[in-house]
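# Examination of the molecular architecture
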Amino acid sequence: MSQHTFLTLDEVASNLKVTRQTVSKYIQAKELNAVKINKSYRITIKDFENFVNSNSTSQEPSISYLRKTKNCTLQYSDKSDDFEVVHGIFHGELRSLSNNGKLTPNKFIFGDNYFVMKKLLETHRGKVDLIYIDPPFGTGQDFNSIDEHPAYSDKLVDGEFLEFIRKRLFLIRELMSDSGSIYLHIDKKIGHYVKIVMDEVFGYQNFINDITRIKCNPKNFARNAYGNYSDMILYYAKHRDNQIWNDIRESMSEEKRKELFPKNHSKLGYYTTNPIHAPGKTLNGDTGLEWKGLKPPKGRHWRYSREVLDELDEQGLIEWSGNGNPRKIVLAKEHKGFKIQDVWEFKDKGLSYVEYPTQKNHDMLERIIRNSSHYNSIVLDCFAGSGSTLRVADKLGRQWIGIDNSTHSLNVIQKSFKEDNINFELLEYVPLD
Ligand SMILES: C[S@@+](CC[C@H](N)C(=O)[O-])C[C@H]1O[C@@H](n2cnc3c(N)ncnc32)[C@H](O)[C@@H]1O
């Protein structure tokens, strides 16, 4: 049997929307067939289908997402076992270096995020509401600051790079709260492979958006290609439809206001008007009857009951034209803003304007943090760089944890956070043998 047809315990749990422990119970009760490989269970798609079928009350259990996910699993050499990644034991500790003399839950931890996150599982499993990461992109390059100070090295490529990310995503998933979500920032050369890795770790059904981010001004390439001025942000939840979603809206620009609300009222401000009738005839109801001496036009009905129309008119929210045609006044100040779409323009500043190479746009991070976390939520960035995510999380009253293994990142964060009075505890990961 091909290995494509096997599911992990987590995948079964995620598809059934139950915990790993519940799946283990089904296995122990011999209701669900499983094989034990090394220390972890594997379940064939066939056995999973049999289990779903024998417990299903409907004729056709919906497992189509599962099939799609499994058809897309990436294969490369040295893929580690997810159970081993999460449960394998390393001996190390987080040693506090300073906390600016003030008590704070916010931390920057210097060290390899793999070991640091394994350590954090002891205290923060299931507690992190939001993760934003902007890891290296598998470019094979070294990145320096404007004064040629080495910042970080991005030398892992291809399968090695994907495995580096995949292992960390398993740990992130364990740290995520049940209403948590992750935004992973990546470029378009490797991003589509990372999407499949994320499907594998978080489940295809927990994918929410692939956001195109316009990162710079249009490029005038010499090569025969379209200019590449965007990258991507892959957005997943731990459990789709249970994620924190504050429905932040895009506010209306003055240009849009002029287009949509062109009229001005001395007391009510900018407004437009809409018809008070809609298509479709009411046969017997109130919305088909005469109001203020008018019947709805032929084949139409009043949008509101006549009682509501009376109230609107009393409040001065009906505009009567010169020839006695009523329309409802809609106020610009009551506009709730526009639903945010999946193309965002948040350009990064050039290297000469930032402290750290590949530093990300703070307004973009503000949108993410506002939308996907609450006041006091824990926000994690385990590829912290200059600390952009931590800085914005701090400003918005979130708790935060940053991790990075670059001494340049450590120096930039220490210096700039001190200048801006941002308090945090500084720790480092120390291996113990
Ligand atoms: C693209 S930069 C992040 C930039 C950041 N978003 C900002 O706005 O400044 C990637 C960061 O990941 C860090 N990094 C790479 N591998 C790491 C690892 N194994 N553990 C911790 N940090 C790592 C690098 O040192 C680098 O600072």
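Residues numbered from 1 in each chain as written. Predicted model: local features only at pLDDT ≥ 70, side-chain atom pairs only at ≥ 80, totals over all residues. Heavy atoms only, no water.

### Here we look at the sheet that holds strand β14 (residues 269-275)
As summarised here, the arrangement of the four strands in space is β13-β14-β18-β17, forming an open sheet in which the pairing is antiparallel. Strand pairing shows two members of the sheet lacking a second neighbour, β13 (263-265) and β17 (318-320), which therefore form its edges. Between one strand axis and the next, the sheet turns by 50° as a mean value, whatever way the strands run. (Pairing = 2+ DSSP bridges. Helix = DSSP H or I, 4+ residues; strand = E, 2+ residues; numbered from the N terminus. Axes fitted to C-alpha atoms, helices over the stretch in contact; angles between N-to-C directions.)

### A word on the side chain of arginine 213
Looking at the element boundaries, arginine 213 is found in strand β10 (residues 207-214). Separated by 2.8 Å, the side chains of arginine 213 and aspartate 231 make a polar contact. (Polar contact = N/O pair within 3.5 Å; in protein donor to acceptor, adjacent residues only side chain to side chain.)

### Side note on the pairing of strand β6 (residues 128-133)
For β6, a buried count of six out of six residues is recorded, marking the element as mostly surrounded by other parts of the structure. Sheet topology note: the β6/strand β9 (residues 176-186) ladder contains five bridges and is parallel. From the neighbouring strand, isoleucine 133 faces β9, where its bridge partner is leucine 184. Note: β6 against strand β21 (residues 378-381), three bridges, orientation parallel. Across the sheet, the residue bridging to leucine 130 is valine 379, located in β21. (Buried < 20%, exposed > 50% of the residue type's maximum accessible area, 1.4 Å probe, protein only.)

### Section: the pattern of salt bridges
Counted under the stated rule, the structure contains 30 salt bridges. Its salt-bridge partner being lysine 256, residue glutamate 259 comes within 3.5 Å of it at the nearest N-O pair. Here lysine 256 and glutamate 259 lie together in helix α9 (residues 254-260), a separation of three residues that amounts to about one turn. One network of salt bridges, with partners in common, ties together Asp10, Arg20, Arg125, Arg173 and Glu174. (Salt bridge = Lys/Arg side-chain N within 4 Å of Asp/Glu carboxyl O.)

### Structural notes on helix α2 (residues 20-28)
Of the residues making up α2, those classed as buried are Arg20, Val23, Ser24 and Ile27. Angularly, the buried residues of α2 cover 100° about the axis, an arc narrow enough to put them on a single face. Residues of α2 that are exposed and point more than 90 degrees away from the buried face comprise Gln21 and Lys25. The elements touched by buried residues of α2 are α1 (9-16), β3 (40-44) and α5 (82-87). A positive phi of about 60° marks lysine 30, the residue just after α2. (Arc of directions from axis to C-beta. Contact = heavy atoms within 4.5 Å.)

### Side note on the confidence of the model for the protein
On average, residues of the protein carry a pLDDT of 90, and 95% of them reach 70 or more. Taken together, the stretch residues 59-68 has pLDDT below 50 and engages in 13 contacts with residues farther than four places along the chain or on a different chain. (pLDDT = per-residue confidence, 0-100.)

### A look at the environment of serine 14
Tracing the sequence through the fold places serine 14 in helix α1. For the pair serine 14 and isoleucine 368, spaced 354 residues apart in the sequence, the C-alpha separation amounts to 25 Å. For serine 14, the residues in contact, after removing those within four places along its chain, are Phe202, Gln205 and Asn206. There is a polar contact of 2.7 Å between the side chain of serine 14 and the side chain of glutamine 205.

### Let's talk about the packing of aromatic side chains
Under the definition given, this model contains 16 aromatic pairs. Residues tryptophan 400 and phenylalanine 417 carry aromatic rings whose centres are separated by 5.8 Å and whose planes lie at 90° to one another, so their mutual orientation is edge-to-face. Pair noted here: tryptophan 400 is in strand β22 (residues 399-404) and phenylalanine 417 is in helix α13 (residues 407-419), with a separation of 17 residues, a long-range link. Of the two residues, tryptophan 400 and phenylalanine 417, neither departs from the other in class, the shared state being buried. Taking 5.8 Å as the distance between ring centres and 45° as the angle between the ring planes, the aromatic pair formed by tryptophan 400 and phenylalanine 424 counts as tilted. Pair noted here: tryptophan 400 is in strand β22 and phenylalanine 424 is in the loop between α13 and β23 (425-431), with a separation of 24 residues, a long-range link. We note that tryptophan 400, like phenylalanine 424, is buried. (Phe/Tyr/Trp six-rings, centres within 6.5 Å; stacked < 30°, edge-to-face > 60°.)

### A look at the nonpolar core
Counting 44 residues, the largest nonpolar core has Leu169, Ile172, Ile182 and Val194 as its most contacted members. Here this core takes nine residues from helix α7 (residues 158-175), the largest share from any one element. Setting aside residues up to four positions removed in sequence, leucine 169 forms contacts with Ile133, Ile182, Leu184, Val197, Met198, Val201 and Phe202. The next biggest cluster of nonpolar side chains, apart from the first, holds 30 residues, and it includes Tyr132, Leu390, Phe417 and Phe424. (Core = buried A, V, L, I, M, F, W, Y, C linked by side-chain atoms within 4.5 Å.)

### Structural notes on unusual backbone geometry
Its identity as a non-glycine residue notwithstanding, aspartate 78 has a phi of 60°, on the positive side. Structurally, aspartate 78 can be placed in the loop between α4 (64-71) and α5. Of the residues examined, aspartate 78 reaches a relative accessible area of 71% and is grouped as exposed. In this structure, lysine 292 is a non-glycine residue whose phi angle is positive, near 50°. Mapping lysine 292 onto the fold places it in the loop between β15 (277-279) and β16 (300-302).

### Side note on the site of the ligand
Lining the immediate surroundings of the ligand are 21 residues, of which Asp134, Tyr356, Ser386, Ser388 and Asp404 lie closest. Between a nitrogen atom of the ligand and a side-chain N or O atom of aspartate 112, the distance comes to 3.2 Å. Separating an oxygen atom of the ligand from a side-chain N or O atom of aspartate 404 is a distance of 2.6 Å. If the ligand stood free it would expose 600 Å²; the protein chains cover 97% of that surface. Grouping the amino acids of the shell around the ligand by side-chain chemistry returns seven nonpolar, nine polar and five charged. (Near = heavy atom within 4 Å. Areas by Shrake-Rupley, 256 points an atom, 1.4 Å probe, with all protein chains shown as cover. Nonpolar A, V, L, I, M, F, W, Y, C, P; charged D, E, K, R; others polar.)

### Some points on the side chain of serine 230
Relative to the assigned elements, serine 230 resides in strand β11 (residues 230-237). There is a polar contact of 2.7 Å between the side chain of serine 230 and the side chain of lysine 188. Residues contacting serine 230, with those up to four places away along its chain left out, are Lys188, Thr212, Arg213, Ile214 and Lys215.

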